[in-house]
Structures are given as structure tokens and as C-alpha cells.
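What the coordinates show
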Amino acid sequence: MNFLVTFVQIFFELLSFVVIARIFLSWFRFGATPGAISRFIIDTSQPILNMARRITPRTGMLDFSPIIAMVGLDIVKRVILYFLTGM
């Protein structure tokens, strides 16, 4: 059981880092075609950010979906850990 709790914690931390990396990628353009690491970050974070974009209202040039995604990931992680630890 301890392994599963640790796995869930690490998994959601990695997803959070991918969303943060996606934020930095959106600030800087490194060329016409993204590299393998950039493509992995984009492909991994896109479904999470798409769900968050459905919730957030349109605010012009500002995109608050990464903040909503980070909060949502934390809530889902806490719910899963709650059921795994039985607290």
C-alpha cells in the first residue's frame, strides 16, 4: 500500500511539473518545429489544459487554465490519497 501511495504522489508531482514546463514553453519559441522533449511536454499537458480551459472563462490574452489545472490535479491527488490511506 505504501508503494501505491508513493506512486500516486510522484505521478501527480510529475504532471504538475509538466504543466509548469508547458507554461515556460508558451513563453519562449525555440523554432518552427518542437523537439522531442517539447513535443512530449505538449502532448502530455494538452489533455489536462483542455479540461481546465472548459472551466475557465475567456479573459482575452490571459490564460488561467494552467492555474485551474494545477488546483485540479492537487484536488484529484488528495482524493485518491484519501481513499488509499483510509483517513
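The numbering scheme is per chain: residues are counted from 1 as the chain's sequence reads. In keeping with the model being predicted, local features are shown solely for residues with a pLDDT of at least 70 and side-chain atom pairs are shown and tallied solely at 80 or more, while totals for entire chains, interfaces and linings include all residues. Hydrogens and water are ignored here; the side-chain numbers use all heavy atoms of the structure.

Right, let's get into a nonpolar patch on the surface. Residues enter a patch when their relative accessible area is above 30% and they make no salt bridge; the linking distance is 9 Å between like charges and 5 Å between nonpolar side chains (Val, Leu, Ile, Met, Phe, Trp, Tyr). Surface accessibility in these figures is a Shrake-Rupley result with a 1.4 Å probe; residues are shielded only by whichever protein chains are displayed. Salt bridge, as used here: a side-chain nitrogen of Lys or Arg that lies within 4 Å of a carboxyl oxygen of Asp or Glu. The grouping of I55, L62, F64, I67, I68, V71, I75, V79, Y82 and F83 at the surface amounts to a nonpolar patch, some 1000 Å² of accessible area in total. The secondary structure listing takes helices from DSSP runs of H or I that are at least 4 residues long and strands from runs of E that are at least 2 residues long, numbered from the N terminus. Top contributing element to the nonpolar patch by residue count: helix α3 (residues 65-85), with seven residues. The residue V71 is located in helix α3 in this model. Whether a residue is buried, partly exposed or exposed follows from its accessible area with a 1.4 Å probe, protein chains only, as a fraction of its type maximum: under 20%, in between, or over 50%, in that order. The partly exposed category is assigned to V71, whose relative accessible area is 45%.

Our next topic: the packing of helix α1 (residues 2-27) against helix α2 (residues 36-55). Orientation is described by axes fitted as lines to C-alpha atoms, over the contacting stretch for helices, and by angles from 0 to 180 degrees between their N-to-C directions. Closest axis-to-axis distance for the α1/α2 pair is 9 Å, and the angle between their directions is 110°. With respect to α2, the axis of α1 lies roughly perpendicular. Side by side, α1 and α2 meet where L15, V18, V19, A21, R22 and L25 of the first sit next to S38, I41, I42, T44, S45, Q46, I48 and L49 of the second. An angle below 35 degrees is read as roughly parallel, one above 145 as roughly antiparallel, one from 65 to 115 as roughly perpendicular, and any other as oblique. The contact criterion used is simple: two residues touch if any of their non-hydrogen atoms lie within 4.5 Å.

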